[in-house]
Amino acid sequence: MVKNLMMMRYSNAIFEPLWNRNHISNVQITFKENFGTKGRGGYFDGYGIIRDIIQNHLLQVLTLVAMEPPVACSGENYSNYVRNEKVKVLDSIPPVELEDCVLGQYLAPEDGSEPAYVDDPTVPDDSVTPTYAAMVLRINNPRWEGVPFILKAGKALNERKAEVRIQFKQPPGAAAMFPGEKIPHNELVMRLQPDEAVYMKMNVKEPGLRTTPVTSELDLTYKSSFPDAFNVDAYTRLILDVLRGSQAAFVRDDELRSAWKIFTPVLHRIEREKVQPIKYAYGSRGPAEADELLKKEGFKYHAEYEWQSRSNL
């Protein structure tokens, strides 16, 4: 699905004209796990969720979402064309500020069915290593200035999910044309795992006599649309890229240096000041302060809508 980002963005005429600060309000890239460290806390405690997930995996997805169109996305030497554009994006991102972060660490659930992070025998009792982080990155270039990119990752949350969620701005004049009605924001969602899918949240008229907007979706769920397709996992694709000599999915040395420039200052400050993570219950959505951060950055939550997987249809 990550590789599908370039195909979807550059081979469909409807997306590229909208792919900018004039139409997009905010971008969220999320990675959630519904389990804790499972006995590997000693390893994890030396790195934390920012180094483990955000600085590499989620930042790679961000570059593919935000980069300018490369000279080529396939064919001879396309890897360098893609990686050149990824580096330009990274060089446009200033270091993350601690004030734009929410850090969390999970507690045991109320029923005591799972241990808290610090109850792992391989983790120090006084550990302040975050198992959850939400961070706002800003891209200072003509395409994205003013659009927050929010990276979220956490362990021991309420579900397993990885997705990219692009929330568009309100259509101009809609509030005046439909007085008294709440017009939900359009969203393009690329669900990376599980149940790979791409869906667009659209507003349509509610069935019946009332002129009331309701949210539905244009939905491409891979298992239902391509039931006979063999879709290999991400690591199998990477091994195949190695055998083929394709380097687009791998980090170049200048890309690695640019990525660490974004996160090293805030990581050093977190460790130097021993910033206390906010506690959250195992199996929850994470710290409530993360929702406040999203709200501050302009994200509008639509509680009335929930996407339903069509994998089993």
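In case you missed it, the structure is sitting above this.
Residues numbered from 1 in each chain as written. Predicted model: local features only at pLDDT ≥ 70, side-chain atom pairs only at ≥ 80, totals over all residues. Heavy atoms only, no water.

## Section: unusual backbone geometry
For the peptide bond that leads from Q193 to P194, omega is -20°, which places it in the cis range. The backbone phi angle of D195 is positive, close to 55°, even though this residue is not glycine. Looking at the element boundaries, D195 is found in the loop between β6 (187-193) and β7 (197-205). Backbone geometry places K274, a non-glycine residue, at a positive phi of 50°. Locating K274 in the fold gives a position in the loop between α8 (253-273) and β9 (278-281). (Helix = DSSP H or I, 4+ residues; strand = E, 2+ residues; numbered from the N terminus.)

## Concerning the packing of helix α3 (residues 48-66) against helix α4 (residues 78-91)
Two numbers describe how α3 lies on α4: the axes approach to 9 Å, and their chain directions differ by 100°. Taken together, the axes of α3 and α4 lie roughly perpendicular to each other. Residues L59, Q60, L62, T63, L64 and A66 of α3 pack against V82, K86, V89 and L90 of α4. When the residues that make up the contact of α3 with α4 are grouped by side-chain class, the tally is 7 nonpolar, 2 polar and 1 charged. (Axes fitted to C-alpha atoms, helices over the stretch in contact; angles between N-to-C directions. Parallel < 35°, antiparallel > 145°, perpendicular 65-115°, else oblique. Contact = heavy atoms within 4.5 Å. Nonpolar A, V, L, I, M, F, W, Y, C, P; charged D, E, K, R; others polar.)

## Some details on helix α1 (residues 4-11)
Buried within α1 we find L5, M6, M8 and R9. Its buried side turned inward, α1 meets α3, α4, β6 and β7. (Buried < 20%, exposed > 50% of the residue type's maximum accessible area, 1.4 Å probe, protein only.)

## With respect to the environment of T131
Mapped onto the elements, T131 comes out in the loop between β2 (101-107) and β3 (132-138). Through-space distance from the C-alpha of T131 to that of A153 is 8.2 Å; in sequence the pair is 22 residues apart. Once residues within four sequence positions are removed from consideration, T131 is found in contact with F44, I49, G104, Q105, Y106, Y117, A153, G154, K155 and Y280. Only 2.9 Å separates the side chain of T131 from the side chain of Y280, close enough to count as a polar contact. (Polar contact = N/O pair within 3.5 Å; in protein donor to acceptor, adjacent residues only side chain to side chain.)

## Here's the deal with the pairing of β3
In terms of residue burial, β3 counts as a mostly covered element, since 6 of its 7 residues are buried. Relative to β3, β2 runs antiparallel, the two sharing 4 bridges. Across the sheet, C101 pairs through a bridge with M135, a residue of β3. For β3 and strand β4 (residues 148-154), the ladder comprises 7 bridges, and the chain directions are antiparallel. Among the inter-strand pairings, R138 is bridged to a residue of β4, identified as P148. (Pairing = 2+ DSSP bridges.)

## Describing the pattern of salt bridges
Per the stated rule, a full pass over the model turns up 19 salt bridges. The partner of E33 in a salt bridge is K155, and the shortest N-O contact between them spans 2.7 Å. On the criterion of sequence distance, the pair formed by E33 in the loop between β1 (24-32) and α2 (41-45) and K155 in the loop between β4 and β5 (161-168) is long-range, its members being 122 residues apart. Ionic pairing is found between R165 and E187, a salt bridge with its closest N-O pair at 2.5 Å. With R165 in strand β5 and E187 in strand β6, this residue pair connects regions lying 22 residues apart in the sequence. Pair check on accessibility: R165 and E187 agree, each one buried. Within this structure, K32, E159, K161, E163, R165, E187 and K201 form a network of salt bridges that share partners. (Salt bridge = Lys/Arg side-chain N within 4 Å of Asp/Glu carboxyl O.)

## Some details on the pairing of β1
By the criterion of burial, β1 is predominantly enclosed, with 9 of the 9 residues buried. With 8 bridges joining them, β1 and β5 adopt antiparallel strand pairing. When the sheet's bridge partners are listed, K32 is paired in β5 with K161. Alignment of β1 against β4, held across 6 bridges, turns out to be parallel. When the sheet's bridge partners are listed, I29 is paired in β4 with L151.

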